[in-house]
There are 2 protein chains.
Amino acid sequence: MSPARPKIRLHVGDDLVAGARLSVGGNAAHYLSHVMRCAPGDEIAVFNGRDGEWRAVIDTVGRRDCVIRPVGLLRPQSAEPDLWLLFAPVKRAGTDFLIQKATELGVAVLQPVTTRRTVAGRVNLDRVRANAVEAAEQCGRLTVPEARAPAALSDLVDAWPAGRRLLFCDTAGAAPPAPAALARAPASDWAVLTGPEGGFDAGERDWLRGKAFVTPVSLGPRVLRAETAALAALALWQGILGDGR
Amino acid sequence: MSPARPKIRLHVGDDLVAGARLSVGGNAAHYLSHVMRCAPGDEIAVFNGRDGEWRAVIDTVGRRDCVIRPVGLLRPQSAEPDLWLLFAPVKRAGTDFLIQKATELGVAVLQPVTTRRTVAGRVNLDRVRANAVEAAEQCGRLTVPEARAPAALSDLVDAWPAGRRLLFCDTAGAAPPAPAALARAPASDWAVLTGPEGGFDAGERDWLRGKAFVTPVSLGPRVLRAETAALAALALWQGILGDGR
């Protein structure tokens, strides 16, 4: 019987091959040495988004640098849904929360967008990435979502990739319920778009609804906060078209 | 054309009838007077969970007491799904968040439960209620979820009401995906059960799965935090069986 799966899971940048000696610095070294009080010989799990999940042995533990050695594959890399989340940033606590939950719900790309009514300030991409890494480590996924630089929604839509559909969570006006719309949607890659507090403006909504790749949907009779709408849409998408089926 | 719907929405306890003069105290008075800086003559929307949503005129504004007068029905009371959420409390920020989101997602009853692995401390029911009221006011629903006193999961299950099914979000072992299980489930009232951080213990899981009213489900391949699991399950339930259809 194989030994128990290690409880500590760490995302690394290096290639994972048996016998390599990998240097782990920064927050991860602090986490191993001070938070988890690891010792040489302890085993952890590591993943890099490419080579699956590996069992690794800690060789040396330092405050600023630890050395770990991958020793065997725990899980091979596997395909994951290529689901994008386009979100208008909300207040910081809401955005932190959204990044964490979207990562747990299996988003592949986190794309902050500015819309006409976006009022939240600058997005701290380093903070987004750190939150995404931590959530990916905790939820057991084999990748960390890619955090892209903020872009104007209009630019993204004008250069929209062929073959990808956009689930437009429309908070105003009549749109088909999301579950029904997803159930009859064509197989394709998808992105979920949720708006800022206050929603999209009327011109923006009409413009989005006029695009052939846009599927406007309703998320029920209540007015969901921006981050709640995003999570509900992601949960429904994964349940109906993604890996929650 | 009727005047615009008031932007401020307030939950009150009193019966709503035209011409009544209602006294509003406590946090609500502070909110009207100091946060929103209302003046006599301003209009707000009020609801009490029984009489629909009313337009009301503010007669007097005080720091500790305001008087409002319902003047006309905006929306009649309507039926809402009788969905319960049984949740093992997590850390305070997680519980606050869960209450807010569960209210937005249309839960009728918030039932804290203790399970074998529940480690979070005491639930502050006043805080749960305050969070639920605020979320209900913001999301436009006509009710506030009922916050029940914490109870042992075993006691609740032993006295389970006839005709209600329990969606058991099982974080370990094999269970059918939630969307498929819900799509073929019998029409009935439902409760969603999510566990503490660390999940249910093996004996507890077997005992739950042995109950005829329990539907065990999986929420996908990732390990969701307790509050994320609850939200994903509620979003799927509303989308497939509830008012998000």
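Residues numbered from 1 in each chain as written. Chains lettered and ligands numbered in written order. Predicted model: local features only at pLDDT ≥ 70, side-chain atom pairs only at ≥ 80, totals over all residues. Heavy atoms only, no water.

**Q** I'm lost on the pattern of salt bridges in this one. Help?
**A** Here the idea is simple: oppositely charged side chains can pair when their charged atoms come close. On inspection of all chains with the given rule, the structure shows 36 salt bridges over all chains. Of the charged contacts, one joins Lys101 of chain A and Glu104 of chain A as a salt bridge, the two residues approaching to 3.5 Å between their closest N and O atoms. You can see Lys101 of chain A and its partner Glu104 of chain A sitting in helix H2 (residues 92-104), three residues apart, about one turn around the helix. As far as burial versus exposure is concerned, Lys101 of chain A and Glu104 of chain A are alike and both buried. The closest approach of N and O atoms between Arg5 of chain B and Glu53 of chain B, which form a salt bridge, is 2.8 Å. Of this pair, Arg5 of chain B sits in the segment before strand E1 (9-11) while Glu53 of chain B sits in strand E4 (residues 53-60), and the two are 48 residues apart along the sequence. (Salt bridge = Lys/Arg side-chain N within 4 Å of Asp/Glu carboxyl O. Helix = DSSP H or I, 4+ residues; strand = E, 2+ residues; numbered from the N terminus. Buried < 20%, exposed > 50% of the residue type's maximum accessible area, 1.4 Å probe, protein only.)

**Q** Just checking my understanding: could you explain the relation of the copies chain B and chain A for this structure?
**A** Superposing the two chain copies requires a rotation about an axis and a translation along that axis. It takes a turn of 180 degrees to lay chain B on chain A, together with a shift of 0.0 Å along the axis; the resulting RMSD is 0.0 Å. Those values place the two copies in the arrangement expected of a two-fold rotation axis. In terms of C-alpha distance to the rotation axis, chain B has Leu236 of chain B as its closest residue, with the C-alpha 2.9 Å off the axis. Take the interface residues of chain B: 100% of them recur as interface residues in chain A, which is what a same-surface contact looks like. (Least-squares fit on C-alpha atoms with pLDDT ≥ 70 in both. Contact = heavy atoms within 4.5 Å.)

**Q** Sorry, what's going on with the interface of chain B and chain A here?
**A** Where interface size is given, it is often the accessible area lost as the parts come together that is meant. At the junction of the two partners, chain B supplies 30 residues and chain A supplies 30 residues. Between chain B and chain A, a total of about 2500 Å² is buried, with carbon and sulfur atoms accounting for 56% of that surface. Contact with chain A buries area across many residues of chain B, yet Glu104, Arg222 and Arg225 of chain B alone supply 26% of it, more than any other trio. At the boundary of chain B and chain A, one finds six salt bridges. One salt bridge connects Arg225 of chain A with Glu104 of chain B, and the closest N-O pair in it is separated by 3.7 Å. Counting across the interface, chain B meets chain A through 19 residue pairs in polar contact (both at pLDDT 80 or more). Among the residues making up the side of chain B that touches chain A, the classes are represented as twelve nonpolar, nine polar and nine charged. (Buried area = accessible area lost by both parts, 1.4 Å probe. Polar contact = N/O pair within 3.5 Å; in protein donor to acceptor, adjacent residues only side chain to side chain. Nonpolar A, V, L, I, M, F, W, Y, C, P; charged D, E, K, R; others polar.)

**Q** Please clarify how the packing of aromatic side chains should be interpreted in this entry.
**A** Aromatic rings considered in pairs are described by the distance between their centres and by the relative angle of their planes. Residue and element names in this part refer to chain A. For the structure on display, the rule yields seven aromatic pairs over all chains. Taking 5.4 Å as the distance between ring centres and 10 degrees as the angle between the ring planes, the aromatic pair formed by Trp160 and Phe213 counts as stacked. Remark: Phe213 occurs in the loop between helix H6 (202-209) and strand E12 (214-217) and Trp160 occurs in the loop between helix H4 (153-158) and strand E10 (164-169); sequence separation between them is 53 residues. By the burial criterion, Trp160 is buried, and Phe213 matches it. (Phe/Tyr/Trp six-rings, centres within 6.5 Å; stacked < 30°, edge-to-face > 60°.)

**Q** What's the story with the domain arrangement of chain A in this structure? I'm lost.
**A** All names here are of chain A. Considered domain by domain, chain A is made up of domain 1 (9-75) and domain 2 (83-240). Centre-to-centre, using C-alpha coordinates, domain 1 lies 33 Å away from domain 2. Taken together, the contacts link eight residues of domain 1 with eight residues of domain 2. Buried area between domain 1 and domain 2, both sides added, is near 680 Å², and the carbon and sulfur share of it is 59%. Interface area lost by domain 1 to domain 2 is led by Arg9, His11 and Phe47, which between them contribute 63%. Seen at the junction of domain 1 and domain 2, the total is zero salt bridges. If you look at where domain 1 meets domain 2, you find seven residue pairs in polar contact (both at pLDDT 80 or more). Residue contributions to the side of domain 1 that touches domain 2 peak at three residues, all from strand E1 (residues 9-11). Looking at the side of domain 1 that touches domain 2 residue by residue, the classes come out as two nonpolar, three polar and three charged. (Domains from an automatic or database assignment.)

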